Amino acid sequence: MSDFQVNRAPQNDAPGAMLGRVIVSFVLFVAGLVLIGVGAVADPSLAPFVFTGGIVAVGLAFGLPMIGGTER
């Protein structure tokens, strides 16, 4: 007999945590699209800020789920 052992696989996130991340990402994405649309037709003095906020929200929707991710 050999002493060969296999490293245990890292535990996955709880299903509730994963569902929460998916919901938050979806809400951020939709809110970002809404802000981009509102910024496109808003008052010219406010439009650049709303539009930029929409771009930031969409970026966060894609970036936040990556935090804590590891390459396997």
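Residues numbered from 1 in each chain as written. Predicted model: local features only at pLDDT ≥ 70, side-chain atom pairs only at ≥ 80, totals over all residues. Heavy atoms only, no water.

Take the packing of helix H1 (residues 15–41) against helix H2 (residues 47–63) next. Two packed helices can be described by the angle between their axes and the distance between those axes. At their nearest, the axes of H1 and H2 sit 7 Å apart, and the two run at 160 degrees to each other. Comparing the axis directions of H1 and H2 gives the class roughly antiparallel. As for the relative orientation of H1 and H2, their crossing is left-handed in sense. Listed contacts from H2 to Ser25, Leu28, Phe29, Gly32, Leu33, Leu35, Ile36, Val38, Gly39 and Ala40 of H1 are Ala47, Val50, Phe51, Gly53, Gly54, Ile55, Ala57, Val58, Leu60, Ala61 and Phe62. The residue inventory of the contact of H1 with H2, partitioned by class, reads 16 nonpolar, five polar and no charged. (Axes fitted to C-alpha atoms, helices over the stretch in contact; angles between N-to-C directions. Helix = DSSP H or I, 4+ residues; strand = E, 2+ residues; numbered from the N terminus. Parallel < 35°, antiparallel > 145°, perpendicular 65-115°, else oblique. Left-handed = near helix turned anticlockwise from the far one by under 90°. Contact = heavy atoms within 4.5 Å. Nonpolar A, V, L, I, M, F, W, Y, C, P; charged D, E, K, R; others polar.)

As annotated by UniProt and renumbered to match this structure, "transmembrane region" (unreviewed entry) occupies residues 21–42 and 48–67. For residues 21–42, helix accounts for 95% and strand for 0%, while the C-alpha atoms at its two ends are 30 Å apart. Helix makes up 80% of residues 48–67 and strand 0%, and the two end C-alpha atoms of the span are 28 Å apart. (UniProt positions renumbered as here; feature names shortened; annotations may be inferred.)

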